[in-house]
Amino acid sequence: MADFLMPSLGADMDEGTLVQWEVAPGDTVRRGQVVAVVETAKGAIDVEIFRDGVVEELLVEPGTTVPVGQPIARLRECGEAEPTPGPAPAPATATAEPDTARVRASPAARRQAEALGIDLEALAGSGPDGAITLEDVGRAGSARESMAEAVAPAPAKPAAPGRPVDIRGAIAAAMSRAKREIPHYYLGHWVDLSPANEWLADWNASHPVAERLLPAVLMLRAVALAAARFPDFNGFWRDGKFVAGDGVHVGTAISLRRGGLVAPALKNADRHSLPELMDAFRDLVGRARAGRLTGSELLGGTITVSSLGEQGVEEVYPVIYPPQVAIVGFGTPVERPWVVGGRIEPRWLVRATLAADHRVSDGRRGALFLEAVTGLLQEPETL
Amino acid sequence: MKTDELERVMRTALAGVAPDLEFDELDPETPIRDQADFDSMDTLNFAIALSRALGIDIPESDYPHLASLAECRRYLAMRTG
């Protein structure tokens, strides 16, 4: 028998609220399967199980906030005998609803509904695919309030105890740890984006809109390929030493419209073609903003890329996301005079930066790594 | 295509791309990205949703026409004739 514990979905997480079980007692589960949804500061996270087995018992009711490390389910390992009759097991009244799709709702809507004590299941969503939006919850809330006022003064609802820390707190904890523990060194390099832009314009002109690529994907792919060649930038600092990643999983910093950012991982980014990576990236951005990431995505990055996109400043000095050991930044591309073959030409340039952990690598090695990244970006046909 | 029909398509497309943006709170003449956090991924997804809903291809060189809601409406009206 094994306990399944409330996982830590970030160095900063002390507790989580179980939103929903995706399995019921008696279900066979496989390693990597999503078994529960947990609400954290980073939104609702799909939590995966890390071993095969059979769900014996669910120990925590949805809506309960429990500390990290507390058992929330009991698992019978494969091959383990079913417990003999003895005391009759509690009848499985927990009605498994494997076919009922989970209620789709934005994290903000979920939070508001919880604060107002509104059952999401009872609402009709007006968002995409029937997702419940904050507005839907607000409407339900005011409808109920006006009814309640007609009947009796609305009782003041106490704030839910043990609310997860907000995303600001999550970022504060991770970044404070980075600046406290990681001796960063920084390198920067200008990259002529013209070849990449031309290649991209050709690709996009000859593909329907759904198959077009963004410059960010070329950058992610260049970092992934370089990281595969420079394993000392791809991994973690753990217990006083460097541990190489078990693949190249590129964390990508995604800003959330409600504020803050997350850096979920594009798994095995070095092994996917650009179109595959674009699809995965699009999916990841969508789910990050909808608050639907999995725990392994949130924690699985082996290196991170922070790209400022089209609107921003020309240079970023990124902070390493612990326990990783490197982060590559890309500023906003700028058009500048540039010397090409002895002549000055207007060119689109992007400033690539590297922040790396000096406990693991030195500037010389970092320069080779950053040169590899920028070299790949300047030969887009190699990506 | 009728204006209210186009408006409905744009509303649905924007809600799919950025459910947390309020269509009615956006100033139609100002680029969306100057009013809200709307990046190149959002623009691309908006173009995909519009092209699917209307059955037209929107070349990358036309993306600037999607920047503000009013310009987008004019562009789509022209394209769907």
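Keep in mind it's a predicted model, so treat the numbers as computed, not measured. (Residues numbered from 1 in each chain as written. Chains lettered and ligands numbered in written order. Predicted model: local features only at pLDDT ≥ 70, side-chain atom pairs only at ≥ 80, totals over all residues.)

Colleague: Even after reading the chapter, I still don't get helix H6 (residues 274–290) of chain A, so can you show me in this structure?
Modeller: Note: α-helices contain 3.6 residues per turn, so residues at a spacing of three or four share the same orientation. Its 17 residues give H6 of chain A an end-to-end C-alpha distance of 24 Å, which sits within 8% of 24 Å, the value for a rise of 1.5 Å per residue. Within the span of H6 of chain A, buried status applies to Leu277, Met278, Phe281, Val285, Ala288, Arg289 and Ala290 of chain A. (Helix = DSSP H or I, 4+ residues; strand = E, 2+ residues; numbered from the N terminus. Expected span 1.5 Å × (residues − 1). Buried ≥ 20, exposed ≤ 12 C-beta atoms within 10 Å, placed from the backbone.)

Colleague: Hey, could you run me through the interface of chain A and chain B in this one?
Modeller: Reports often express the size of an interface as the amount of accessible area lost when the parts come together. Contacts between chain A and chain B engage 20 residues on the former and 19 residues on the latter. Listing elements by their share of the side of chain A that touches chain B, those giving two or more residues are helix H4 (194–205) and H6 of chain A. Taken together, the residues that form the side of chain A that touches chain B break down as eight nonpolar, seven polar and five charged. (Contact = placed C-beta atoms within 7 Å. Nonpolar A, V, L, I, M, F, W, Y, C, P; charged D, E, K, R; others polar.)

Colleague: Would you mind going over the sheet that holds strand E4 (residues 34–40) of chain A with me for this structure?
Modeller: Whenever strands of a sheet pair, they do so through backbone hydrogen bonds, lying parallel or antiparallel. All names here are of chain A. The five strands are arranged E7-E2-E4-E5-E16 in an open sheet whose pairing can be described as mixed. Only two strands of the sheet have a single partner each, and these edge strands are strand E7 (65–67) and strand E16 (292–294). Averaged over neighbouring strand pairs, the angle between their axes works out to 40 degrees when direction is ignored. Pairing geometry for strand E2 (residues 15–21) and E7, over three bridges, is antiparallel. Opposite Glu15, over in E7, you have Pro67 as the bridge partner. (Pairing = 2+ DSSP bridges. Axes fitted to C-alpha atoms, helices over the stretch in contact; angles between N-to-C directions.)

Colleague: Just to check I follow, could you spell out unusual backbone geometry for this structure?
Modeller: The phi torsion of most residues other than glycine is negative, and most of the peptide bonds are trans. Residue and element names in this part refer to chain A. The omega angle of the peptide bond from Pro322 to Pro323 is 5 degrees, so this bond is cis rather than trans. With respect to the helices, strands and loops of the structure, Pro323 is situated in the loop between strand E17 (303–307) and strand E18 (326–330). Of note, Asp239 is a non-glycine position whose phi angle comes to about 50 degrees, a positive value. Here Asp239 shows up in the loop between strand E10 (235–238) and strand E11 (241–244). C-beta crowding within 10 Å serves as the criterion here: with 7 such atoms nearby, Asp239 is assigned to the exposed category. The phi torsion at Asn268 lies on the positive side, around 45 degrees, for a residue other than glycine. In this fold, Asn268 is placed in the loop between strand E15 (265–266) and H6. When the 17 C-beta atoms within 10 Å are taken as the criterion, Asn268 is described as partly exposed.

Colleague: Would you mind going over the nonpolar core with me for this structure?
Modeller: Across soluble globular proteins, nonpolar side chains have a tendency to be buried as a group. All names here are of chain A. One finds Leu220, Ala222, Val223, Val250 and Val373 to be the most contacted residues of the largest nonpolar core, which totals 101 residues. Among the elements that line this core, the one with the most residues is helix H5 (residues 215–229), at eleven residues. Split by domain, the residues of this core number at least three in each of domain 1 (2–76) and domain 3 (167–382). Residues in contact with Val373, not counting those within four places in the same chain, are Ala222, Val223, Ala226, Val328 and Ala352. (Core = buried A, V, L, I, M, F, W, Y, C linked by C-beta atoms within 7 Å. Domains from an automatic or database assignment.)

Everything listed is a geometric property; what it means functionally is a separate question.
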